[in-house]
Each structure stands twice: as structure tokens, then as C-alpha cells.
Amino acid sequence: MAEKGITARIRSAYKPLVHFFLEDVRPGFTEATIQWPWHPNAVENRFLLESYPLAALFPQARLHFVKGHEGTEYEVTLIYPDGEEQYSVLAPNRVHSDHVGETALSPTGWIVDRAGARRLETDYERLFTGAMTAIASHDWGTDEPYFEELNFSVSVPARDHDLGYADEVISLVEAMHEDLYFSCLEFFQHYSGRPLGDRHLQPGQIVPEVVQGDEPEIRISLKPLTNDDRAGQPQSLHDASEPLSVTQIRAELDALGGNELDCHSRAGRLVQARHLTGHGRPIMISAGQHANETTPIIGALRAAHALKASDATFTISPLENPDGYALQGRLSAQTPRHMLHAARYSALGDDLEYRQTEATLFEKKIRLQAEEISGAQLHVNLHGYPAHEWTRPLSGYIPRNFAMWTLPKGFFLVLRHLPEWEKTARELIEAVTADLTSVPGLSEMNARQIALYEIHAGETGFEMINGFPCYVHQDDRHRVPLTLITEYPDETIYGDAFIAGHEAQMQTVLAAHAAWQRIALA
């Protein structure tokens, strides 16, 4: 631009307030008041959410967030020892009809020059809209699954920017992966006549392979499923710093012994579980249903070894979704710190829990076998969720149908129960959370993440029990009377953070088992 005689100032249209503080603000302010705007085509706190994690980036200053006026501009007042400064920060957005006909307010390019201010469609936006147009114009037929693998090979010329706080990284590469994956799910939900968010859809495996590159490029292709397993070096379970290889998971199951249960996945991978009989009431332990949630598998195996040593009765199914786990390994080799939600579901493109028909049970058979052979009335189902902010900037910024997951809020528990089991459920959650308060560092992490969440999103919406966010509710989707679900912020962490994650998962299983032996059942 300079060579052409143009003087230009280029700013980010993605998270513009955060970039303003990182790039434009003079250091040394002691206080900041941020009036965030609201817009009738977005949830009320959309622009407050978009300011995350500012409150953690400037611990030396007091930041105040106040709801401001309708529009798309932040008003910022900065207090310095030598005076006050005021700024308006534009958050350029457009109102549009998205890929399923929903009205969305999405970040967009913007240009201000002598001719005025107007939208400037970016190459980043064109990659996405071009892809969704191609998907919408193809004849997918009427039979599910519509494909084996729908592959997007995408290059985005934008580096990830580590914010230096926890696991927070500004990444247009990751945001493209998330938007392509969930937008395709929504398109096929709409295409099949289902409501948005329906988890019974089985379109096939959707795989956005998005990386940083020199030029904006995208190629869309249909590929066959593969059945290669995730590889890796053996690790000590106690201090494993990254996800295990499938070979090691199978070796750990063999070391447990017991009765072997097995079935096969959609792509033909072996799914294994074990049933060990000892003393006391039985429980079921499962992990790996959503395969991009990386700490549950190790937590489940560690707990199983401890329970075996105490002669307990239980079933252990540590990897319920091996097709997704193989994809998580494949994608994490390219972008190891990203959430990689394409690996969340199975090769059929669905959530295992919602499978119903015998012809498509595949991996779900392992859980049904565990229910039948164990007779357990408690199922401890280990999960995780994003360890950093989750956005979809090309379709409204906040992930549709997953708004509660957009920011980390500590390690929390969900307990589902059948109607007559409410009293027992309450006793169980009280006992488990009381035990978890002794896990080193866990309560402190919760307090830190919840405090930041409340600044940028408001109340968590969960009941606090012994310092842990919990959601206890009646739910008749399960055949087992009580289902205790863990949610650890683990997408995607490594090293000491990863070890702390599977430690919390293991301790939850052990606490639940111990409480289950003491509780008097109605």
C-alpha cells in the first residue's frame, strides 16, 4: 500500500476490542471502563463475551464492564496517573441470512476511507461462503450417511496469537475449523428435515483440515474412511502428558483382566471393555464418547487399576469412539492446541448416545453390553470441554446450540437421574464434591476460571456444591438410574495441565465409587 502512495491502518475485525488493548493502548493505565454495545440481532451479552479474556490480561488495572448503547462500537475510558483518555472501538459486523436461513450478526471486513465506511468482504469470509455454497449446491441424495468422509483442505494466512494467559490463543485457523464443521452439521440437519441441533443425524464424517498457509485456499473432496489406529510412545499412566496410543489403551485393558467385552466401530475398529467382579455395588465407567475430550481415557484407566486393587466390581470402557479418536490424532498432528470438534462425533457423524436402531448401533453396543453384564445402577461417564474460548465468527460468533460452552468455567459435574432417584442423586453429588475439594489445585482452578467467566459472561447458571458447579436434574434418556458426567476443560491441553485433568477425572470415579458403597438406596 505504501508503494502505491496509500497510508493505511489495518486492524482485526475478529475480537477488535482485545486487539485494541494489545496493539493501540498506551501501557500504564490503572483503570478502564468499557461500555460494550448490544444489537437486536444477537444475544444481549454477545459483545461482552467477545471482550474475553481482557480482565485476565491486565491484572495490574481495574477493569469495569458496563452495558452501553445499541450498535457495534465499544466506548473505552482509560485512567492513567497523568490523566484520562477516551476511545471508540469499532466492532464491524453484518446482519445476514446464514447457510440454514437463520439471521446472524457476524464479524466482517470493513473499510473507512474518503468515500465513507462500508463492508469489505475478506478472503477469510469468501473461503467459508464459497465452501458452504458448494455444499448446498451438491446433490447428496436421500440416504444417510451421505458420504464416508467429507474433507475440507484449507489454508488460512493467519498465525495463531498466544495471549500468554492459560490456554487462550487467538486463532482464525481454529475458528475456520469450528465454523466449517458445525455449519456443515447444521446444513445436513436442515437438508434431512431435522431441527437444528438434532443429534440423531448421521451424515458421515466431516473433516475440516485447516492449517496456516501462505495463501487462502480451500479444496473440498469426498474420501473413503480409514481404519489406521492412533500411534504414540508408551507413557506412565500416572504422569502421562498427552493422549495415549490405542496400543497402550489395549495393553492397559489386558493388564486389568476380567471378562472381555467387544464390538466394532463404523470404520471397523475394535472397541473393547472389561468387566471385573469383586465386592460391593457395581458401577460402570466410560470415556472417549467424544474423542476430542482428551483427559477422560487416562482418568478412567487409572481409576480402573485402583478399583481392581481394592477388589471392586465394575465395568470399564475407556474408548467408546475409536473412529473419532483416530481423527483427533490425525488433526492434532497439524494443530495440536486446537479444540478439533470434528473428532467429537463418530465416523457416522453422530453422537453415540443418541443411536437407537440395531442396524447402526456399532460402537454403542459396548455400552449396552456393559449395562447388561454389570447390572450397575450408577454410570460414571467422563467428558471434557474447551480449555479456551470457542467461537464461530462466520456464523454469529457464539456457537449455536452450544452457547453455554463458549468460555471455560472450571471442572463441573452433571448428574442425571430417573424420577424416583432424586434423593440418592443429591447424596451422591454432595459426597463426590466434598471429596474433590482435597484434590490439589482443583478448587483453585475452578475459582479462577469461574471468576473470569462471571466478568465476561455473567452467572454460570449452575448450582454451586462444595465449590463445584453442578447440574442435577431428572432425565429419562438412560436405562441406568444415575449417570454422573464429568466436564473438565481439556480441549486441548498437554503437560502438567493434562496431568491435572486426568487426575481430576480419576479422583471423581474413585469418589463416586466410594460414596456409592455408603449411600443407602431407597
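Here, the structure is the one placed above.
Residues numbered from 1 in each chain as written. Predicted model: local features only at pLDDT ≥ 70, side-chain atom pairs only at ≥ 80, totals over all residues. Heavy atoms only, no water.

**Some words on the pairing of strand β14 (residues 259-264)**
Link 1 in the chain: Of the pairings in the sheet, the one linking β14 to strand β15 (residues 270-276) comprises 6 bridges and is antiparallel in character. Within β15, the residue paired with Cys263 across the bridge is Val271.
Link 2 in the chain: Counting the residues between successive antiparallel strands, the hairpin from β14 to β15 contains 5 residues, one of them, Gly268, with a positive phi of roughly 95°. (Pairing = 2+ DSSP bridges. Helix = DSSP H or I, 4+ residues; strand = E, 2+ residues; numbered from the N terminus.)

**Focus on the sheet that holds strand β19 (residues 412-417)**
The strands making up a sheet associate through backbone hydrogen bonding, with each pair oriented either parallel or antiparallel.
Link 1 in the chain: Pairing is mixed in the open sheet, where 9 strands are placed in the order β14-β15-β17-β16-β18-β22-β19-β21-β20. Either end of the sheet is taken by a strand with one partner, and the two such strands are β14 and β20 (463-465). Sheet twist, expressed as the average angle between the axes of neighbouring strands with direction ignored, equals 25°.
Link 2 in the chain: Relative to strand β18 (residues 378-386), strand β16 (residues 279-286) runs parallel, the two sharing 3 bridges. (Axes fitted to C-alpha atoms, helices over the stretch in contact; angles between N-to-C directions.)

**Digging into the sheet that holds strand β3 (residues 73-80)**
Link 1 in the chain: One open sheet holds the 4 strands; their spatial order is β2-β1-β3-β4, and the pairing between them is mixed. Among the strands making up the open sheet, the edge pair consists of β2 (62-70) and β4 (83-90). For this sheet, the mean inter-axis angle between neighbouring strands, taken without regard to orientation, is 15°.
Link 2 in the chain: The sheet contact formed by strand β1 (residues 31-38) and β2 spans 7 bridges and is parallel. By the bridge assignment for β2, Ala32 is matched with Leu63.

**Focus: the side chain of Ser265**
Link 1 in the chain: For Ser265, the position within the fold is in the loop between β14 and β15.
Link 2 in the chain: Look past the residues within four positions of Ser265 in its chain and what remains in contact with it is Val271, Pro322, Asp323, Phe362 and Glu363. (Contact = heavy atoms within 4.5 Å.)

**Some remarks on the pattern of salt bridges**
Link 1 in the chain: This structure, assessed with the given rule, holds 40 salt bridges.
Link 2 in the chain: Among the ionic pairs, Arg274 bridges to Asp254, the shortest N-O distance being 2.6 Å. Taken together, the residues span a long stretch of sequence, with Arg274 in strand β15 and Asp254 in helix α6 (residues 246-256) at a distance of 20 residues.
Link 3 in the chain: Several salt bridges converge on common partners, so that one network encompasses Glu320, Glu353, Arg367, Arg416, Asp475 and Arg477. (Salt bridge = Lys/Arg side-chain N within 4 Å of Asp/Glu carboxyl O.)

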